[in-house]
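Overview (structure and organization)
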Amino acid sequence: MSCHVLWGWFQVGEILPLGTAKLIGYPWAEYHPHFHRGKDSNNVVYLTRHHLQTDRAPAPALPGAGVFQRFSYALQLTAPNAKRATTWELPGWFHPGGCRTPLTYHADLSRWERVGSSTRLRAVARGQEFVLDCDEYPEAINWAFDIIQRHNRKC
């Protein structure tokens, strides 16, 4: 069976709103397809930070974006023994109970279930990246940092 995994990370350093962004200083943008579309408030380009930035100390110099080179069960989102790849097992704090905004595309709370100390999510099929507001889920920062630090190996 296939499974969903974390394949990399990207910390936003700058947002270029297209239609108003100037190409000065971004020679690659002349060839980027998003810069050739009409003005649209949803059409933006995200640029990564050069180095990952957190409040955690000491923070080793990790790149602001990267791809995990090898599979690890720690990177797997699909729950063990799940019948569908879209059944995810996440840390318990991931549950959007209370007034917290859920992971993007997952506002339907019937998709979320607490299972012991974990959270089970029936993930939507749409999307290649989902956004979680770390101001509402501060636990996500250390969780992601630990994963990146442990699995950011070149070989």
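Here is a short report on the structure shown in this document. Just so it is clear, the model here is predicted, and its values are computed rather than measured. (Residues numbered from 1 in each chain as written. Predicted model: local features only at pLDDT ≥ 70, side-chain atom pairs only at ≥ 80, totals over all residues. Heavy atoms only, no water.)

On a plain count of helices and strands, the protein chain comes out with one helix and seven strands. Going from N to C terminus, the protein chain has its helices and strands arranged as β-β-β-β-β-β-β-α. Principal axes of the C-alpha set define a box for the protein chain whose edges measure 50 × 35 × 35 Å. Among the 155 residues that make up the protein chain, the fraction classed as buried is 29%. Sequence-distant contacts, at least 24 apart, represent 62% of the contacts inside the protein chain between residues at least 6 apart. For the protein chain, the exposed surface amounts to about 10,600 Å²; the carbon and sulfur share of it is 53%. (Helix = DSSP H or I, 4+ residues; strand = E, 2+ residues; numbered from the N terminus. Buried < 20%, exposed > 50% of the residue type's maximum accessible area, 1.4 Å probe, protein only. Contact = heavy atoms within 4.5 Å. Areas by Shrake-Rupley, 256 points an atom, 1.4 Å probe, with all protein chains shown as cover.)

Let us look at the pairing of strand β7 (residues 118-122). Regular strands have side chains that alternate between both faces of the sheet. With five bridges connecting them, strand β5 (residues 87-91) and β7 associate as antiparallel partners. Paired with L90 across the bridge in β7 is T119. Pairing of strand β6 (residues 112-115) with β7, which is carried by four bridges, proceeds in the antiparallel orientation. Counterpart to E113 in the pairing with β7 is R120. (Pairing = 2+ DSSP bridges.)

In this section: the environment of F71. Within the secondary structure, F71 sits in the loop between β4 (65-67) and β5. Leaving out residues up to four positions away in the same chain, F71 has contacts with V5 and Q76.

What follows is about the pattern of salt bridges. In the structure shown here, the tally under the stated rule is two salt bridges. When the shortest N-O distance is used, the salt bridge between R120 and E89 registers 3.4 Å. With R120 in strand β7 and E89 in strand β5, this residue pair connects regions lying 31 residues apart in the sequence. For E89, a relative accessible area of 31% puts it in the partly exposed group. For R100, the salt bridge goes to E139, with nearest N and O atoms at 3.7 Å. Residue R100 is found in the loop between β5 and β6, and its partner E139 is found in helix α1 (residues 139-151); the two are separated by 39 residues along the sequence. (Salt bridge = Lys/Arg side-chain N within 4 Å of Asp/Glu carboxyl O.)

This paragraph deals with the side chain of H151. Tracing the backbone through its elements, the reader meets H151 in helix α1. Beyond its immediate chain neighbours, meaning those up to four positions away, H151 contacts F68, S72, A74 and L75.

It is worth spelling out the sheet that holds β7 at this point. Through backbone hydrogen bonds, the strands of a sheet pair up, either in parallel or in antiparallel fashion. With respect to topology, three strands assemble into an open sheet ordered β5-β7-β6, the strand pairing being antiparallel. A single partner strand is all that each edge strand has here, and the edge strands are β5 and β6. On average, adjacent strands in this sheet sit at an angle of 30° to one another, irrespective of strand direction. (Axes fitted to C-alpha atoms, helices over the stretch in contact; angles between N-to-C directions.)

What follows deals with the environment of L132. Relative to the helices and strands, L132 is located in the loop between β7 and α1. Spatially, the C-alpha atom of L132 lies 7.1 Å from that of P102, the residues being 30 residues apart in sequence.

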